[in-house]
Structures are given as C-alpha cells and as structure tokens.
Amino acid sequence: MAIQTVGIIGAGQMGAGIAHVAALAGYRVQLHDISQDRIEKGLATISGTLARLSASGKLPDAERSTVVGRIAAAEKIEDLASADLVIEAATEDETIKRKIFAQLCPILNPEAILATNTSSISITRLAAQTDRPERFIGIHFMNPVPLMKLVELVRGIATEDSTFEAAKAFVTDLDKTVTVAEDFPAFIVNRILLPMINEAIYTLYEGVGSVEAIDTAMKLGANHPMGPLQLADFIGLDTCLSIIQVLHDGLSDSKYRPCPLLVKYVEAGWLGRKTGRGFYDYRGEQPVPTR
C-alpha cells in the first residue's frame, strides 16, 4: 500500500511536529486527540511555525496555505479509518497507548500500517496488543520534530520487511535520516541520553553543583548546546522519569535508578517548560534556576 494519508494520534508537541513535517512533504494528514481544544491548539502550533518559516523567507506564502490545507482535524478516532499509516504520539504511558490501539484497530484498513512514536517502550509488547503485529513498527522522532534530522526505526519481533521498508521510505521522504535501533528499552538515543540527565540530577541532588553550575559545566566543558537540566525541562520531567523507569525496570540494573529529586519534581507537578516550572522557573522574563 502506498502511503498517502497519515493519521496522527496526539496533537501535543510531538504529534503537531510530525503533522507539520508530513504535510510539508506532501502527505494528507488527519490529526486526532481526546478533545477538540487539544486538536485546535496543535493546529495553531503548526500554523505559527509555518508562519515563522514564511516570514523568514524559507517557505513561500502560497505554499504555506497549501501545507495548512493538507492537515484536517479528526475529531473522532473513526475519522482515521481511511489512513494508510497511523502514528500514535500520545503520552509515554503504556496503558494509555494500549487503550488507543484497542480503539483504533477495529476501524483501520487491514492493510494500514500502525506505528508508535514511543521513546522507550517495547515495540514487540505494544504490537502484540494489536491485530497487526506484522504491520506495526516504532517510528521515533526527535524533539522538536521540524528541526531534528534523526528518526529511530524500531522493528518488533513480528514486523515484516515490507512494513519496515514502507516506514523507511516515508521517513526518508520527510527529509529525515533513519537510524535502525533494536527493540531494547529506550532504543539508542534515550538509552544514552537519559542516564546522563539522571546523573546530572543526582549531581544536583547530592550538592555537587547548582543547576546553573551543572548546565554551564556541560555546555562549556563538554560543548553541549544545552545543559542536561535545561534539556530535561525541555523534554518534560514526567517523560524523563517514564523513560528512566523503563530502563530500570527493563534492564534491572541499579545504575538506571531514577533520582529521588526527579521523582519529587514530578510529584510536585513541576514538569519543566510545559508547566512553567522544573529545574528552572519560566514564569518571568528569563528562566531562573529553582535550586
């Protein structure tokens, strides 16, 4: 089946970003979320990003209108029935993802490919909850999707070659670079990145350095474009905790034990940029460290 229409479940930061790049590449996109408000917010995000591209001369005004016109709101999950590929980009919670697949599978074309944007959860285990494990694959985009070039493709144990090749062709068509990861907890990028972030939080927790000292040290001492605590806030501390818990549970190694300070911040609802507070307070004109 040629992929022409792409359904996306989740209109948040990741889902909106995937919709943006898919529409820009010429695909018809159907964007779904649990409420109309969330869909409208996602569409507004896409429109704003495209407007900035147009203002900077990177996208002609006429083309911007065409791209926006390729994206439709799918208010009901049944509206995704005609999609050739559906990408689930919901929150990083396996229970939620399973519920979505249970609702989605009965209404999909039997030949449609089902993908997940999970950053850490087993593709094989998720695929086993669907009616099409052979046509199920992990397509893990990096955040922010329009700017980041890498996409991890992850096959489950049952994923057929034709599914993998179709997903690879789709990602390549988006002008992204594919890296193939095996189906192990957190794949490649987060297997390396999240333990570093967790260790940075331990460094803060143990009083080795302040938020500002740790981020400055890694930016200037390791030439990182963003400090690990600033990056954690950007990713979302709840997402960071979910991934490090998947690593700890899946590999049973104490080196992946989530830092208690990370747990405390998530329990407080200080999840980073999206809630206004994390390791930095974003409610003023400039971010201010919270520790």
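This is a predicted model, so every value here is computed, not measured.

Parameters at a glance
- Numbering of residues begins from 1 in every chain and follows the order in which that chain's sequence is written.
- Per-residue local features of the predicted model are confined to residues with pLDDT of at least 70, and side-chain atom pairs are confined, for both listing and counting, to 80 or more; whole-chain, interface and lining totals are unaffected and use all residues.
- Just so you know, side-chain values use all the structure's heavy atoms and leave hydrogens and water out.
- Lines fitted to C-alpha atoms define the axes here, with helix axes fitted over just the stretch in contact, and angles between the N-to-C directions of these axes take values from 0 to 180 degrees.
- Under the DSSP-based scheme used, a helix requires at least four consecutive residues in state H or I and a strand at least two consecutive residues in state E, with every element numbered from the N terminus.
- Here the word oblique covers every angle except those under 35 degrees (roughly parallel), over 145 (roughly antiparallel) and from 65 to 115 (roughly perpendicular).
- Note: crossing handedness is left-handed where the near helix turns anticlockwise from the far helix by less than a right angle, and right-handed where it turns clockwise.
- What makes two residues a contact is simply this: any of their non-hydrogen atoms within 4.5 Å.
- Three classes are used: nonpolar for Ala, Val, Leu, Ile, Met, Phe, Trp, Tyr, Cys and Pro, charged for Asp, Glu, Lys and Arg, and polar for all others, with Gly counted as polar.
- UniProt positions are given in the numbering used here, feature names are shortened, and annotations may be inferred rather than shown by experiment.
- Within 3.5 Å is the distance limit for a polar contact, defined as a pair of N or O atoms, with the added protein rule that one can donate a hydrogen and the other accept it, and that residues adjacent in sequence qualify only through two side-chain atoms.

(A) Fine view of the packing of helix α2 (residues 36-55) against helix α3 (residues 61-69). Interhelical geometry of α2 versus α3 gives an angle of 165 degrees and a closest axis separation of 9 Å. On the basis of the axis angle, α2 is roughly antiparallel to α3. Crossing of α2 against α3: the hand is right-handed. Packed against α2, whose contacting residues are L50, A51 and S54, the element α3 presents D61, R64, V67 and V68 at the interface. For the contact of α2 with α3, the per-class residue count stands at four nonpolar, one polar and two charged.

(B) Broad picture of the UniProt feature "site: Important for catalytic activity" (unreviewed entry) in the chain. Within the UniProt annotation, "site: Important for catalytic activity" (unreviewed entry) is assigned to H140. Within the fold, H140 resides in strand β6 (residues 136-141). Beyond its immediate stretch of four places on either side in the chain, H140 contacts T116, N117, T118, S119, L150, V151, E152, F187 and N190. A polar atom in the side chain of H140 sits 2.8 Å from the side chain of E152.

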